[in-house]
Amino acid sequence: MLSRTPPMGFNTWNTFGENINEDVIKETADAMVEKGLRDAGYEYLVIDDCWSERERDPETGKIVPDKVKFPNGMKAVSDYVHSKGLKFGMYSCAGTRTCADYPGSFDHEFLDAETFAEYGADFLKYDYCYKPQHYHGDLLYRRMGMALKACGREILFSACNWGCDDVHNWIRSTGAHMYRSTGDINDSFVSMRDIAVSQEDKLVYSAPGCFNDIDMLTIGMYGKGNVGSTGCDDTDYKTQFALWCIYSAPLMLGGDIRTFSDNILKLVTNKDLLRINQDEEARPAFEIRNQSHSKVFVKHLSNNEIAVLFVNYDDKTRKIELYMEDMGISAASGYGLKMREVFSGEELGVKKEYMSRNVPAHDCECFICTLSK
Ligand code: GLA
């Protein structure tokens with residue numbers, strides 16, 4: 001089964017945009033291995049938009065890799081990625097053209113799926129630009145879903161229609177293994193926060209087999225790259241990662257892995273956070289404190305543990321309160337939570353009925369807890 005837990009990997013778009021080529025992909029593959037990301041679970045290396053020639057081959061009708069960016073073709077790139085123990089991802093679009101105006105797969109779905117299988121692709125991100133108006137999105141995603149089933153290779157189907165057309169109602173039925181449920185992220189705290197807030201009522205739609213994708217992470221970009229914007233600081237990135245993890249979102253790194261600092265590597269390989277993200281039951285988090293400036297999310301994990309995330313979206317320190325009653329632990333039961341904070345390692349002991357934390361601006365605290373008397 002593909003997508004039993006949220007897919008993890010890297011995608012070229014956030015940092016490189018159209019500036020992709022064979023060397024960038026190979027260097028990124030090397031870095032994923034050398035920096036321990038592959039071993040932490042980041043397995044897909046996905047080439048996003050702008051990889052092909054502007055037009056299909058007039059004789060075969062096939063999409064052709066850009067001859068300057070990828071002089072040895074895509075199979076050579078894919079072979080290199082596979083030789084590093086990673087999986088290889090490609091990109092196309094349900095419309096006639098991709099978002100950056102390269103050939104899309106509309107009416108070429110089966111041929112293109114075969115082409116991606118020839119490349120040795122293991123993943124296909126499938127965008128939504130230039131969709132012919134009179135076609136419904138569900139038919140177009142169904143088509144590529146079928147084409148991927150027919151192509152003779154197991155390919156993870158990553159839909160990307162930005163949460164439009166009530167996609168959460170129909171996307172699982174198309175065969176997709178993950179689907180973008182938001183618009184595009186940029187590297188700012190506001191963008192990350194707005195995406196997370198917009199998904200609070202969508203968390204229940206995400207489950208094994210098909211996960212809500214809230215876009216590639218901007219962690220480690222610091223304002224540079226293709227979706228640079230104002231940039232974030234390390235506190236913002238910490239909160240971004242904790243949110244993506246407790247949301248059970250796919251973890252697709254978008255920063256330039258080749259330049260990741262030890263600090264950033266430590267964040268994205270945090271074992272407790274990855275455990276929360278990759279929990280096999282993939283239960284949706286529920287919210288128990290929903291104020292615009294501060295939130296508390298609770299997620300049941302498969303081994304009777306409970307993850308609790310405090311998030312402060314405000315620009316100043318906030319006292320965030322937790323009433324155990326709100327998460328189903330009655331005062332009369334005598335039970336409380338034994339809490340360990342996963343970034344600092346701080347053990348709080350058993351907290352009953354009520355507790356509060358002073359969380360600095362944009363920061364978060366994330367606990368792994370067990371029920372205890
Ligand atoms: C859309 C997608 C992005 C990226 C670009 C490429 O905007 O949502 O993630 O793939 O297209 O052009």
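Residues numbered from 1 in each chain as written. Predicted model: local features only at pLDDT ≥ 70, side-chain atom pairs only at ≥ 80, totals over all residues. Heavy atoms only, no water.

> Just give me the short version of the sheet that holds strand β4 (residues 123-127), but keep the residues and values in it.
By definition, the strands of a sheet pair up through backbone hydrogen bonds, in either a parallel or an antiparallel sense. Read from one edge to the other, the open sheet built from eight strands follows the order β7-β6-β5-β4-β3-β2-β1-β8, with strand pairing classed as parallel. Edge positions in the sheet fall to β7 (211-213) and β8 (251-253), since each has one partner strand and no second. Sheet twist, expressed as the mean angle between neighbouring strand axes with direction ignored, is 25°. Two elements, strand β3 (residues 87-93) and β4, share five bridges in a ladder whose sense is parallel. Following the sheet pairing, S92 is matched in β4 by Y126. Against the sheet, helix α2 (residues 22-34) makes contact with β1 (8-11) and β2 (44-46), and its axis sits at roughly 160° relative to β2, the strand it touches most. (Pairing = 2+ DSSP bridges. Helix = DSSP H or I, 4+ residues; strand = E, 2+ residues; numbered from the N terminus. Axes fitted to C-alpha atoms, helices over the stretch in contact; angles between N-to-C directions. Contact = heavy atoms within 4.5 Å.)

> I'd love a proper account of the pairing of β1, names of residues and values included.
Both faces of the sheet carry side chains from a regular strand, because those side chains alternate between them. Neither face of β1 is left uncovered, since the one carrying M8 and F10 and the one carrying G9 and N11 both have all their residues buried. The pairing of β1 with β8 spans three bridges and is parallel. When the bridges of β8 are listed, M8 appears paired with L251. Inspection of the sheet shows β1 paired to β2 by three bridges, in the parallel sense. Considered in β2, the bridge of F10 is made with L45. (Buried < 20%, exposed > 50% of the residue type's maximum accessible area, 1.4 Å probe, protein only.)

> Tell me what's going on with the state of the cysteines, and back it up with residues and numbers.
Tallying each qualifying case throughout the model produces one disulfide. Here C99 engages in a disulfide with C129; their sulfurs sit 2.1 Å apart. The S-S bond linking C99 to C129 shows a torsion near 100°; that makes this disulfide right-handed. With C99 in the loop between β3 and α5 (109-119) and C129 in the loop between β4 and α6 (137-150), the pair connects residues that are 30 residues apart, well separated along the chain. The class for C99 is partly exposed, based on a relative accessible area of 33%. In this structure C129 comes out as buried when scored by relative accessible area, which is 17%. (Disulfide = S-S within 2.5 Å.)

> Break down the site of the ligand for me, citing the residues and quoting the values.
As a structural note, the neighbourhood of the ligand is formed by W13, D48, D49, Y91, C99, A100, K125, D127, C160, W162, R180 and D184. D49 has a polar side-chain atom sitting 2.7 Å from an oxygen atom of the ligand. Note that an oxygen atom of the ligand is positioned 2.9 Å from one of the side-chain N or O atoms of W162. Within the complex, the protein chains bury 93% of what would otherwise be the 310 Å² of accessible surface of the ligand. Split by residue class, the shell around the ligand holds six nonpolar, no polar and six charged. (Near = heavy atom within 4 Å. Polar contact = N/O pair within 3.5 Å; in protein donor to acceptor, adjacent residues only side chain to side chain. Areas by Shrake-Rupley, 256 points an atom, 1.4 Å probe, with all protein chains shown as cover. Nonpolar A, V, L, I, M, F, W, Y, C, P; charged D, E, K, R; others polar.)

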